[in-house]
Amino acid sequence: MARKIIIDTDPGQDDAVAILMALASPDDFDVLGIVAVAGNVTLAQNARNALKVVELSGRKDIAVYAGCERPMRRHLVTAEHVHGDTGLDGPDLPLPKLQLEAQHGVDFIIETLMSHEAGTVTLATLGPLTNVAMAMIKEPRITPRIQEIVMMGGGYFEGGNITPAAEFNIYVDPDAADVVLRSGVPIVIVPLDVTHMIQSTPERLQRIRALGNRAGDAVYKMLSFSERFDLAKYGSEGAPLHDPCVIAYMLKPELFKGRHINVVVETSSELTVGMTVADYWGVTGRVRNATYLRSGDAASFYALLTERLSRLP
Ligand code: RIB
Ligand code: CA
């Protein structure tokens with residue numbers, strides 16, 4: 001039985017790869033919709049990028065919505081320095097023919113959760129949590145109906161990536177992250193501690209390029225663009241690949257290790273705002289609210305990613 005999911009995203013090259021991985025797996029995922037959020041670049045650009053990626057996948061049955069264009073409280077911080085001005089620099093993807101749905105993405109999330117059987121829809125979040133938090137605030141009845149939230153965000157042992165303390169998705173909207181972390185919904189956090197182990201080495205990128213299909217070529221160009229910043233910053237053999245780990249976890253959780261702990265986010269200190277304080281050693285006695293992943297099997301991840309991409313046009 002395919003798992004019903006909503007993908008909330010700010011594409012971004014790594015988001016795009018995650019979306020392709022999910023859309024390549026119709027037996028595993030019933031993607032009810034894709035909702036764009038402001039993050040890597042502006043909402044309008046992220047939404048356009050999401051449409052481009054859906055068209056690249058060849059899936060004609062997928063609806064794309066635009067959600068919130070700014071965080072709940074703070075000013076929007078974007079990441080063109082990593083993803084390029086379009087947010088999807090690398091391949092030259094055609095302007096999408098597919099149109100955005102008219103409904104606001106937050107209302108789509110609410111309507112979908114209220115209309116499907118409680119406990120059967122998972123939210124896979126790849127960007128700031130603004131849309132999810134706003135949906136919970138606008139319609140609190142959705143919260144107990146959410147099966148699980150599998151979110152890329154946060155970091156503890158790895159520290160941050162946009163500041164020394166904070167990971168980008170959480171940093172952009174720490175208030176939204178706070179709402180979600182306090183919601184009581186079953187949460188799986190895929191943090192930098194994991195994604196920094198999942199590195200797109202030249203050999204792994206070449207294997208994707210060698211698929212010879214449109215998707216493989218586009219992913220190779222996307223990651224070859226977005227890796228520049230991280231390779232220069234970290235000096236590692238390959239750049240970390242973040243968002244596809246969310247999809248891989250839902251496909252093969254056995255590729256990852258973690259534990260159920262308490263995670264709280266800093267929302268006020270200017271020094272550490274957006275920091276996810278992960279009580280990995282259970283020293284606080286605070287309620288355990290998230291499964292926090294700490295490691296992943298990179299070789300098996302790339303084998304899975306490459307195989308799924310091979311299924312696309
Ligand atoms: O910190 C990594 C996260 O921020 C990823 O989701 C990437 O797409 C950016 O949104
Ligand atoms: Ca993202």
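This text goes with the structure placed above it.
Residues numbered from 1 in each chain as written. Chains lettered and ligands numbered in written order. Predicted model: local features only at pLDDT ≥ 70, side-chain atom pairs only at ≥ 80, totals over all residues. Heavy atoms only, no water.

Here's the deal with the coordination of the calcium ion (ligand 2)
Quick reminder of the rule: Metal-coordinating donors are taken as N, O and S atoms lying within 2.8 Å of the metal, or within 3.2 Å when the metal is Na, K or Ca; because water is left out, some sites can appear incomplete. Helix and strand definitions follow DSSP, with helices as H or I runs of at least four residues and strands as E runs of at least two, each counted in order from the N terminus. Residue burial is assigned from relative accessible area. The probe radius is 1.4 Å, only protein chains are included, and a residue is buried under 20% of its type maximum, exposed over 50%, and partly exposed in between.
Of the protein atoms, only Asp10 (OD), Asp15 (OD), Asp15 (OD), Leu126 (O) and Asp243 (OD) coordinate the calcium ion (ligand 2), at distances of 2.2 to 2.5 Å. All donors of the calcium ion (ligand 2) belong to a single chain; written as a sequence motif, their spacing is D-x4-D-x110-L-x116-D. Note that Asp15 is positioned in helix H1 (residues 13-23) and Asp243 in the loop between strand E8 (239-240) and helix H11 (244-251), a separation of 228 residues in sequence. Of the two residues, Asp15 and Asp243, neither departs from the other in class, the shared state being buried.

A few points about unusual backbone geometry
Cis peptide bonds are those with omega within 30 degrees of zero, and the linkage from Pro11 to Gly12 qualifies with 5°. On the secondary structure map, Gly12 appears in the loop between strand E1 (3-9) and H1.

Remarks on H1
Residue pairs spaced three or four apart in an α-helix point in one direction, given the helix's 3.6 residues per turn. Burial runs high along H1: 11 of the 11 residues are buried. Restricting attention to buried positions, one finds in H1 the residues Gln13, Asp14, Asp15, Ala16, Val17, Ala18, Ile19, Leu20, Met21, Ala22 and Leu23.

Section: the sheet that holds strand E10 (residues 276-279)
Defined as follows: Strands qualify as paired when DSSP identifies two bridges or more between them. In this analysis, axes come from line fits to C-alpha atoms, helices being fitted only over the stretch in contact, and the angle between any two N-to-C directions falls in the range 0 to 180 degrees. Here, two residues are considered to be in contact whenever any of their heavy atoms come within 4.5 Å of each other.
The sheet built from nine strands is open, its strands ordered E3-E2-E1-E4-E5-E6-E11-E9-E10 with mixed pairing. The outermost strands of the open sheet, each flanked by one partner alone, are strand E3 (64-66) and E10. Taking each pair of neighbouring strands and ignoring which way they run, the sheet shows an average axis angle of 30°. Of the strand pairs in this sheet, strand E5 (residues 146-152) and strand E6 (residues 187-190) are connected by four bridges, and their pairing is parallel. The partner of Met152 across the bridge, within E6, is Val190. Taken strand by strand, helix H2 (residues 43-57) contacts strand E2 (29-36) and E3, and its axis lies near 180° from that of E3. Across the sheet, helix H5 (residues 130-138) lies against E1, E2, strand E4 (121-125) and E5, angled at about 150° from E5, the strand it touches most.

Quick look at empty space enclosed by the protein
Let me state the cut-off plainly: Residues are said to line a cavity or pocket when one of their atoms sits within 4 Å of a point; the points come from a 1 Å grid over protein atoms alone, cavities being sets where a 1.4 Å probe fits but cannot get out and pockets being open sets with protein on both sides within 12 Å along at least five of seven lines. Grid points are joined across faces, edges and corners, and a volume is the space filled by probe spheres set on the points.
In this structure the tally under the stated criterion is one cavity of 30 Å³ or more. As for the largest cavity, its lining consists of 29 residues, of which Val82, His83, Asn161, Asp230 and His242 are closest to the centre. Among the secondary structure elements, those contributing two or more residues to the lining of the largest cavity are H1, helix H3 (80-83), helix H6 (168-172), helix H10 (214-234) and E8. Here the element with the most residues in the lining of the largest cavity is H10; it accounts for seven residues.

Topic: the packing of aromatic side chains
Here is the rule: Pairing of aromatic rings covers Phe, Tyr and the six-membered ring of Trp, with a centre-to-centre limit of 6.5 Å; geometry is then stacked below 30 degrees between planes, edge-to-face above 60, and tilted otherwise. Only when the NZ atom of a Lys or the CZ atom of an Arg is both within 6 Å of the ring centre and within 35 degrees of the ring normal do we say a charge sits over the ring.
Tallied over the full model, the rule gives eight aromatic pairs. Between Phe301 and Tyr302, the ring centres sit 5.0 Å apart and the planes meet at 85°, which makes this aromatic pair edge-to-face. On the basis of relative accessible area, Phe301 is assigned to the buried category, the value being 0%. When its relative accessible area of 2% is taken as the criterion, Tyr302 is described as buried. Through pairs of rings, three or more aromatic residues link up here, namely Tyr156, Phe157, Tyr280, Trp281 and Tyr292. Here the guanidinium or amino end of Arg228 rests over the ring plane of Phe225, the centre of that ring lying 3.9 Å away. One residue, Arg294, lies across the ring of Tyr280, its end atom 5.4 Å from the ring centre.

Description of helix H4 (residues 105-115)
Inspection of H4 places Gly105, Val106, Phe108, Ile109, Ile110, Thr112 and Leu113 among the buried residues, and these make up the whole buried set. Its buried side turned inward, H4 meets E1, E2, E3, E4, H5 and E5.

Topic: the site of ligand 1
Filter applied, for reference: When at least one non-hydrogen atom of a residue lies within 4 Å of a molecule or strand, that residue is treated as near it. Under this definition, polar contacts are N or O atom pairs within 3.5 Å; protein pairs additionally need one hydrogen-donor-capable and one acceptor-capable atom, and for neighbouring residues in sequence, both atoms have to be side-chain atoms. Only the protein chains shown count as covering a residue, and every accessible area follows the Shrake-Rupley method with a 1.4 Å probe. Pocket or cavity membership: a molecule qualifies when more than half of its atoms sit within 2 Å of the grid points of that site. In this classification, Asp, Glu, Lys and Arg are treated as charged, Ala, Val, Leu, Ile, Met, Phe, Trp, Tyr, Cys and Pro as nonpolar, and every other residue, Gly included, as polar.
Close to ligand 1 lie Asp10, Asp14, Asp15, Asn40, Leu126, Met152, Asn161, Glu167, Phe168, Asn169, His242 and Asp243. Asp10 is positioned such that a nitrogen or oxygen atom in its side chain is 3.1 Å from an oxygen atom of ligand 1. Contact with the protein chains removes 97% of the 280 Å² of surface that ligand 1 exposes when unbound. Taken atom by atom, the bulk of ligand 1 overlaps the largest cavity. Mapped onto the shell around ligand 1, the elements with two or more residues apiece are H1 and H6. Along the lines of polarity and charge, the residues of the shell around ligand 1 split into three nonpolar, four polar and five charged.

Observations regarding the pattern of salt bridges
Which entries qualify depends on this criterion: What makes a salt bridge here is a side-chain nitrogen of Lys or Arg within 4 Å of a carboxyl oxygen of Asp or Glu, nothing more.
Using the criterion set out here, one finds 12 salt bridges in the structure. We note a salt bridge from Arg74 to Glu270, for which the minimum N-O separation is 3.3 Å. Of this pair, Arg74 sits in the loop between E3 and H3 while Glu270 is found in the loop between strand E9 (256-265) and E10, placing the two residues 196 residues apart along the sequence. A residue is classified by how much of its surface remains accessible, and Glu270, at 61% relative accessible area, is exposed. The network of salt bridges with common partners includes Asp28, Glu307, Arg308 and Arg311.

Re the pairing of E5
To be explicit about the condition: Handedness rule for crossovers: strands pointing away from the viewer, path from the first strand over the helix to the second running clockwise, crossover right-handed.
Counting buried positions over the seven residues of E5 gives six, a clear majority of the element. When E4 meets E5, the two strands line up parallel, connected through five bridges. Each bridged residue has a counterpart across the sheet, and for Ala124 the counterpart in E5 is Val150. The β-α-β motif built from E4, the intervening H5 and the parallel element E5 has right-handed crossover chirality.

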